[in-house]
Amino acid sequence: MTQIISSLAEVALNYDVLFCDLWGCLHNGVEAYPAAVAALRDFRAGGGRVVLLTNAPRPWRYVVDQLDRMAVPRDAWDVVVSSGDAAQDAMFAGAVGRKVWAVMMAKDEGFFSDIPPEWQDAEPIQRVALDEAEGIVCTGLFDEVNETPEDYRAPLMLARERGLKLLCANPDVVVDLGETRLYCAGALAEFYESLGGTSLYFGKPHPPIYDLARRRLGLGDDARILAVGDGIATDIPGAAGEGIDALFVTGGLAFDQFGDDVENPLQEKLDEWLAMRGHAPRYSIGRLR
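Residues numbered from 1 in each chain as written. Predicted model: local features only at pLDDT ≥ 70, side-chain atom pairs only at ≥ 80, totals over all residues. Heavy atoms only, no water.

Going by what an unreviewed UniProt entry lists, the protein is known as TIGR01459 family HAD-type hydrolase and is assigned to Paracoccus yeei.

Written out as structure tokens, the structure is:
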């Protein structure tokens, strides 16, 4: 049974590091949550370190730009690690070939143009039409507001017949932008798999992004890490796979499942919901605070 806590401070002294999700925990895509910001700052003031671990399909510096626009103070975190960072490594290493059909929006341009120093001398990645491609790179739908994965059935069936692999730069299936729910790259990757195609994932809950986070923070094997997130399909199984404790934020994607008060989930409803999904995070909280 997960333990419901009312604030991060209740368990903070048990951990050296937070792996904290962004969307749904620290912000809603439009504005930051002041209580969450305060919780992270207090954790760092007490000697802890914070990795903002996000499935954003862009290099980390673009995530920082977004946080700056939301006025998230830089003393609330130590490093930012994105699924875009981990997926870039795989792409430049040639995981899906060097000629790719890119499914993306303009805001993700940095995934291709901002080449990490260690890949500056690598053979360039070329973006081509689907019929010329050796693989697919997906950072999100072309139009995340109006499209669904079903809109991609025809091209993905062609890609499947050609045996193309899809590199997914964001394993999230959906996110909430304010009050609007949007499909992410993970939804398209799952749809491609349902058609018989092969998708490769590099964000949460898959190991590469956690390995990168540990390297960037210089963590040893003895670091006491708490993963904070609202993704029952990403944050929570990712933490379990890494052998670290998890704090499930119930007021994120599943905000309407645990009673009428988002800030105070009902234990019975939460336990039943988690059991149905086969997960048992050590802690849960309504909203990060």
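## Quick word on the overall build of the protein
Across its full length, the protein holds nine helices and 14 strands. Relative to the compact-globule value of 19 Å for 289 residues, the protein shows a C-alpha radius of gyration of 19 Å, a close match. Taken over the C-alpha atoms alone, the protein extends approximately 55 × 40 × 35 Å along its principal axes. Accessible surface for the protein amounts to roughly 12700 Å². Of this, 49% is attributable to carbon and sulfur atoms. Here the protein contributes 26 positive and 45 negative side-chain charges, whose respective centroids are spaced 3 Å apart. (Helix = DSSP H or I, 4+ residues; strand = E, 2+ residues; numbered from the N terminus. Rg over C-alpha atoms; globule rule 2.2 N^0.38 Å. Areas by Shrake-Rupley, 256 points an atom, 1.4 Å probe, with all protein chains shown as cover. Lys, Arg positive; Asp, Glu negative; His and termini not counted. Charge placed at Lys NZ, Arg CZ, Asp CG, Glu CD.)

## Quick word on the nonpolar core
One finds Phe 19, Val 51, Phe 112 and Leu 167 to be the most contacted residues of the largest nonpolar core, which totals 41 residues. Summarising the domain contributions, this core has at least three residues from each of domain 1 (3-55 + 205-285) and domain 2 (93-201). Residues within four places of Phe 112 in sequence aside, it is in contact with Met 91, Phe 92, Val 100, Ala 102, Met 104, Ile 125, Arg 127 and Val 137. By size, the runner-up hydrophobic cluster in this structure holds 34 residues, among which are Leu 26, Val 37, Leu 226 and Tyr 283. (Core = buried A, V, L, I, M, F, W, Y, C linked by side-chain atoms within 4.5 Å. Buried < 20%, exposed > 50% of the residue type's maximum accessible area, 1.4 Å probe, protein only. Domains from an automatic or database assignment. Contact = heavy atoms within 4.5 Å.)

## Structural notes on the packing of helix H7 (residues 207-217) against helix H8 (residues 235-242)
With their axes 10 Å apart at the nearest point, H7 and H8 run at an angle of 65° to one another. Put simply, H7 runs roughly perpendicular to H8. The crossing of H7 and H8 is right-handed. Residue-level contacts link Pro 207, Tyr 210 and Arg 214 of H7 to Asp 235, Gly 238, Ala 239 and Glu 242 of H8. Residues of the contact of H7 with H8, tallied by class, amount to three nonpolar, one polar and three charged. (Axes fitted to C-alpha atoms, helices over the stretch in contact; angles between N-to-C directions. Parallel < 35°, antiparallel > 145°, perpendicular 65-115°, else oblique. Left-handed = near helix turned anticlockwise from the far one by under 90°. Nonpolar A, V, L, I, M, F, W, Y, C, P; charged D, E, K, R; others polar.)

## Brief notes about unusual backbone geometry
Of note, the bond from Lys 204 into Pro 205 is cis; its omega dihedral lies within 30 degrees of zero at 10°. On the secondary structure map, Pro 205 appears in the loop between strand E11 (198-201) and H7. Positive phi outside glycine occurs at Ala 71, with the angle close to 65°. Tracing the backbone shows Ala 71 in the loop between helix H2 (60-69) and strand E4 (79-82). Of the residues examined, Ala 71 reaches a relative accessible area of 61% and is grouped as exposed.

## Concerning helix H3 (residues 83-92)
Among the ten residues in H3, nine count as buried, and that is most of the element. Burial in H3 covers these residues: Ser 83, Gly 84, Asp 85, Ala 86, Ala 87, Gln 88, Ala 90, Met 91 and Phe 92. A positive phi of about 95° marks Gly 94, the residue just after H3.

## As for the pattern of salt bridges
What the rule picks out here adds up to 16 salt bridges. A salt bridge links Asp 78 to Arg 44, with the nearest nitrogen and oxygen atoms 2.9 Å apart. With Asp 78 in the loop between H2 and E4 and Arg 44 in helix H1 (residues 34-45), this pair connects stretches of sequence that are 34 residues apart. Residue Asp 78 is classed as partly exposed on the basis of its relative accessible area, which comes to 26%. For Arg 44, a relative accessible area of 26% corresponds to the partly exposed category. Arg 153 is the salt-bridge partner of Glu 150, the closest N and O atoms lying 2.6 Å from each other. Since its relative accessible area comes to 41%, Glu 150 is described here as partly exposed. Using a relative accessible area of 33% as the deciding quantity, one classes Arg 153 as partly exposed. Through salt bridges that share partners, Asp 21, Lys 204 and Asp 235 make up one connected network. (Salt bridge = Lys/Arg side-chain N within 4 Å of Asp/Glu carboxyl O.)

## Quick notes on the domain arrangement of the protein
Accessible area lost on assembly of the parts is the figure often given for the size of an interface. According to the domain assignment, the protein contains domain 1 (3-55 + 205-285) and domain 2 (93-201). Distance between the C-alpha centres of domain 1 and domain 2: 27 Å. Counting residues at the interface gives eight residues for domain 1, matched by eleven residues for domain 2. Across the domain 1 to domain 2 interface the summed buried area is about 900 Å²; carbon plus sulfur atoms make up 57%. In terms of surface lost to domain 2, no three residues of domain 1 exceed Trp 23, Asn 55 and Leu 253, which account for 58% of the buried area on that side. Along the contact surface separating domain 1 from domain 2 lie zero salt bridges. The interface formed by domain 1 and domain 2 contains three residue pairs in polar contact (both at pLDDT 80 or more). (Buried area = accessible area lost by both parts, 1.4 Å probe. Polar contact = N/O pair within 3.5 Å; in protein donor to acceptor, adjacent residues only side chain to side chain.)

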